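# Coordinate inspection notes
As a plain string of letters, each chain reads:
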Amino acid sequence: MSAGGLRVERLSVALPMDGRPVPVVREVSFALGPGETLGIVGESGSGKTMVALALTGLLPDEALASGAVSLGGRQLLGAPERIWRKIRGRRIGIVFQEPMTALNPTMPVGAQVAEAMRLHLGLSASEAGARSRALLRRVGMPRGEDWTARYPHQLSGGQRQRVAIAIALSAGPEILIADEPTTALDVTLQAQVLDLLADLVREEGLSLLLVSHDLAVVAELCRRVAVLYAGQVVELGDTAEVLARPMHPYTAGLLACSPDVSAPRALRL
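Predicted, not measured: the structure shown is a model, and the values here were computed from it. (Residues numbered from 1 in each chain as written. Predicted model: local features only at pLDDT ≥ 70, side-chain atom pairs only at ≥ 80, totals over all residues. Heavy atoms only, no water.)

### Points about the overall build of the protein
Heads up, the condition is: The way it works is that DSSP assigns letters per residue, a run of H or I at least four long becomes a helix, a run of E at least two long becomes a strand, and they are numbered from the N terminus. Classification of residues uses two cut-offs on accessible area relative to the type maximum, computed with a 1.4 Å probe and protein chains only: under 20% is buried, over 50% is exposed, and between them is partly exposed. Contact between two residues is taken to exist if any of their heavy atoms lie within 4.5 Å; hydrogens are not considered. None of His or the chain ends enter the tally, which takes Lys and Arg as positive and Asp and Glu as negative. Charged side chains are reduced to one point each, which is NZ for Lys, CZ for Arg, CG for Asp and CD for Glu.
Along the protein, the regular secondary structure elements total ten helices and ten strands. With the C-alpha coordinates aligned to their principal axes, the bounding extent of the protein is approximately 55 × 40 × 40 Å. Burial status across the protein gives 48% buried among its 269 residues. Of the contacts formed within the protein by residues at least 6 apart in sequence, a portion of 67% connects residues at least 24 apart. Once the 27 positive and 27 negative side-chain charges of the protein are each reduced to a mean point, those two points are 6 Å apart.

Written out as structure tokens, the structure reads:
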């Protein structure tokens, strides 16, 4: 990653409602350095996904955004789409929470994994196909079968999420943003996906920004955590310290609703 990593400074986002802008993200600031893991946690409607969309240039057209988002010192917030096309996938990969809607139902999954490789890396169809098969094996698709010809509807929920992770990683990004990556999965599959993300961050040297409503999930994967309430960061710090000694009543409330998180615990990373 270029020096400086990802920096977010006083990011605000407003959406129009009844003819006036309504703030949904309010002056959010944080940094994510090379190889770091940061969780953004908060309840539904707290603004977590809007932050993730702002970091990938995917905000709704009607959104009003201000502040700064920079990658390696380059300002991205408000950049034209042609600039974001070079960043999205190549330097920042994103995994959405519902893989069935994130994947294209009309394309084999191999072609979807290969698409970013051909676009960003200039690989031939045969090169991209070979790398797609290897990457699908890397994210844990069962061996002994060529999954590239399968369509999303032919896969289980856990397999679709693995494909979505493979797509996010296909062009070798520096940063992986995972937006509620285990929400649609059962407990067993959730654990498998969390293990996979931990392995990828550790072995590939990725920076991870994990968006979640679940403090237990963030405690598993992230060294640092930002607690988002009503669009604002109300607490930011080392995950173990925040969980052991929450300073804000909202963080304490989240902990009270998360029976699996009562004290600092060993992180997977």
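### Notes on the sheet that holds strand β10 (residues 232-238)
Formally: Two strands pair under a simple rule: DSSP has to find at least two bridges between them. Orientation is described by axes fitted as lines to C-alpha atoms, over the contacting stretch for helices, and by angles from 0 to 180 degrees between their N-to-C directions.
An order of β6-β7-β8-β3-β9-β10 is seen for the six strands of this open sheet, with the pairing classed as mixed. One side of each edge strand has no neighbouring strand; the edge strands of this open sheet are β6 (92-95) and β10. Each strand axis lies, on average, 15° off the axis of its neighbour in the sheet, ignoring direction. Across four bridges, the pairing between β6 and strand β7 (residues 175-179) is parallel. Its bridge partner being in β7, Val95 is matched across the sheet by Ala178. Set on the sheet, helix α1 (residues 48-55) makes contact with β3 (37-41), β6, β7, β8 (207-212) and β9 (224-229); between it and β8 the angle comes to about 145°. Helix α6 (residues 157-169) contacts β6 and β7 of the sheet and is inclined by roughly 170° relative to β6.

### Side note on the pattern of salt bridges
Operational definition: Salt bridge, as applied in this entry: a Lys or Arg side-chain nitrogen positioned within 4 Å of an Asp or Glu carboxyl oxygen.
The final tally for this structure, using the stated rule, is nine salt bridges. Among the salt bridges present, the one from Glu36 reaches Arg224, with a minimum N-O distance of 3.7 Å. A residue pair is termed long-range when its members are at least 10 positions apart, and Glu36 in the loop between β2 (20-32) and β3 and Arg224 in strand β9 qualify at 188 residues. Classification of Glu36 by relative accessible area gives partly exposed; the value is 32%. Overall, the relative accessible area of 23% leaves Arg224 in the partly exposed class. Notably, a salt bridge pairs Glu203 with Arg138, separated by 2.4 Å at the nearest N-O pair. Separated by 65 residues along the polypeptide, Glu203 in helix α7 (residues 187-204) and Arg138 in helix α5 (residues 125-138) bring together distant segments of the chain. Connected through shared salt-bridge partners, Glu81, Arg85 and Arg88 make up one network.

### What about the sheet that holds strand β5 (residues 74-75)?
Ordered by their spatial adjacency, four strands build an open sheet running β2-β1-β4-β5, and the pairing between neighbours is antiparallel. The sheet is open, and its two borders are formed by β2 and β5, each paired with just one other strand. Alignment of strand β1 (residues 6-17) against β2, held across nine bridges, turns out to be antiparallel. Residue pairing for β2: Leu11 is matched across the bridge by Val28.

### Here we look at the packing of aromatic side chains
Aromatic ring pairs are reported here in terms of the distance separating the ring centres and the angle at which the planes meet. As a reminder of what qualifies: Pairing of aromatic rings covers Phe, Tyr and Trp, the last through its six-membered ring, and needs centres within 6.5 Å; plane angles under 30 degrees mean stacked, over 60 mean edge-to-face, and all others mean tilted.
One pass over the full model with this rule turns up one aromatic pair. For the pair Tyr229 and Tyr250, a centre-to-centre distance of 4.5 Å together with 35° between the ring planes defines the contact as tilted. In this pair, Tyr229 is assigned in strand β9 and Tyr250 in helix α10 (residues 249-256), connecting sequence segments 21 residues apart. For Tyr250, a relative accessible area of 11% puts it in the buried group.

### Topic: the nonpolar core
Note the following rule: Definition used in this section: a nonpolar core is a set of buried Ala, Val, Leu, Ile, Met, Phe, Trp, Tyr and Cys residues joined via side-chain atoms within 4.5 Å.
Counting 47 residues, the largest nonpolar core has Val163, Ile165, Leu176, Leu210 and Leu221 as the members making the most contacts within it. The leading source of residues in this core is α7, at seven residues. Sequence-distant contacts of Ile165, that is, excluding residues within four places in its chain, are made with Val95, Val139, Val193, Leu196, Leu197 and Leu200. One finds Leu59, Ala63, Leu77 and Leu209 within the second-largest nonpolar core, a separate group that totals 33 residues.

### Some thoughts on the pairing of β3
The buried fraction of β3 is high, at five of five residues. Burial along β3 is two-sided: the residues Thr37, Gly39 and Val41 and Leu38 and Ile40 are all buried. Sheet topology places β3 next to β8; five bridges connect them, and they run parallel. Residue pairing in the sheet places Ile40 in a bridge with Val211 of β8. Pairing between β3 and β9: four bridges, direction parallel. Note that in β9 the partner of Gly39 across the bridge is Val225.

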